[in-house]
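Coordinates in review
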Amino acid sequence: MKKALITGVTGQDGAYLSKLLLSKGYKVFGTFRRVSTPNFWRLQNLGIFNKVNLIPADLLDMGSLLEALKVSEPDEVYNLAAASYVATSFEEAIGNSEVTGLAVTRFLEAIRHQNSDIKFYQASSSEMYGNNNFSLQNEKTPFLPSSPYAAAKLYAHSIANIYRQSYNIFTCSGILFNHESPLRGMEFVSRKITNSVAEISLGLKDKLILGNLKAERDWGFAGEYMEAIHLMMQQDKPDDYVIAMGKSLSVEEFLTLASEYAGLGDWHDFVKIDESNMRPSDIDELTGDSSKARKKLGWKPKMEFNDLVKHMVYHDIDYFKNPTV
């Protein structure tokens, strides 16, 4: 039986990856931060909370990471933990850099000294590309980070490559473009929209406050993206892969479609634009070229943009009608 250790197991990606690995017969361990109110609702939502072996850990503490490796004895480590909300990284730049960036070096050092045969996956981000001049971004596109979050992710991406080259550790990075789901946090614009239009449609609220509607992103379904990163870790040689749909649509297009699925009229009637919700520096457009992953991994997403938005809106409407986890 293979064993996997997932950092950030309580997040959207960690939950979907846990479910996938469990279905493949893995014994799954996951790290979580000790807080006053543990955030396990995603694992509960997927019905796998009692199947994941939870380990309290702090990515900023080397001893904590060594203990997690000792307890889990993993074949594969998936580092999904990060301070993942881009806007907050401007307000907490130093802390974000520590958790999202330098923590990866600690983890790789722990693996190097404890068991260098462990495979390591680093969750990289399309945010690393920034406002570059390329219409499509692939594995060879230059990086130009435009936020502290993106800079920290680029550091982590680079250090993973360095440990692969210098110490022959199996490290691979998935450069994932926007991947959404009903398990997305409320701080992200996709879920903020679907959750709010659900509430508005049921008369539970009357306004939705947003920022930049013109930003264009390459949107996909998170569950399918986890299938791609598992495939990366099963290859004979480690490599980096862009995971994306290959088409960009604006936040406004997401909002328009979500409003339609919620049975609402013109979104102008209930949306207010507040400049305080805009980032100090934002990316105009990101579109990923995942041809390498499709060819080498055999990965192919199935859920298109319209179905993704519908899935999220209907989920949120159902939740407010029948609250559960």
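You'll find the structure just up there.
The text that follows walks through the structure, step by step, so that each part is easy to find. (Residues numbered from 1 in each chain as written. Predicted model: local features only at pLDDT ≥ 70, side-chain atom pairs only at ≥ 80, totals over all residues. Heavy atoms only, no water.)

**A short note on the pairing of strand 1 (residues 3-7)**
Within a regular strand, the side chains alternate between the two sheet faces. Counting buried residues in strand 1 gives five out of five residues, a clear majority hidden from the surface. Covered by surrounding structure in strand 1 are Lys-3, Leu-5 and Thr-7 together with Ala-4 and Ile-6, the residues of both alternating faces. The sheet contact formed by strand 1 and strand 2 (residues 27-32) spans four bridges and is parallel. Within the sheet, the bridge partner assigned to Lys-3 lies in strand 2 and is Lys-27. For the crossover from strand 1 across helix 1 (residues 12-23) to strand 2, the handedness is right-handed. Sheet analysis places strand 1 next to strand 4 (residues 76-79), joined by four bridges and oriented parallel. (Buried < 20%, exposed > 50% of the residue type's maximum accessible area, 1.4 Å probe, protein only. Helix = DSSP H or I, 4+ residues; strand = E, 2+ residues; numbered from the N terminus. Pairing = 2+ DSSP bridges. Right-handed = clockwise from strand over helix to strand, strands pointing away.)

**Concerning unusual backbone geometry**
Residues apart from glycine generally show negative phi values, whereas peptide bonds are mostly found in trans. Of note in the backbone geometry, Glu-73 takes a positive phi value of approximately 45° without being a glycine. With respect to the helices and strands, the residue Glu-73 is situated in the loop between helix 3 (62-72) and strand 4. Phi is positive for Asn-168, close to 60°, though the residue is something other than glycine. Along the polypeptide, Asn-168 turns up in the loop between helix 6 (148-167) and strand 6 (171-176).

**Side note on helix 7 (residues 189-201)**
Taking 1.5 Å per residue, 13 residues should reach 18 Å; helix 7 reaches 18 Å between its end C-alpha atoms and fits that length. Judged by how many residues are buried, helix 7 sits mostly within the fold: ten of 13 residues are covered. Contacts from the buried residues of helix 7 go to helix 2 (41-45), strand 7 (179-180), strand 8 (208-210), helix 9 (251-261) and helix 11 (305-321). Directly after helix 7, the chain includes Gly-203, whose backbone phi takes a positive value near 75°. (Expected span 1.5 Å × (residues − 1). Contact = heavy atoms within 4.5 Å.)

**Some details on the sheet that holds strand 1**
The strand order across the open sheet built from seven strands is 3-2-1-4-5-6-11, with neighbouring strands paired in parallel fashion. On the outer flanks of this sheet lie strand 3 (53-56) and strand 11 (241-243), each paired with one strand and no other. Neighbouring strand axes in the sheet, compared pairwise and without regard to direction, differ in orientation by 25° on average. Where strand 6 meets strand 11, three bridges bridge the pair, whose relative direction is parallel. When the sheet's bridge partners are listed, Leu-176 is paired in strand 11 with Ile-243. Docked against the sheet, helix 6 engages strand 5 (119-125) and strand 6, running at close to 150° with respect to strand 5. (Axes fitted to C-alpha atoms, helices over the stretch in contact; angles between N-to-C directions.)

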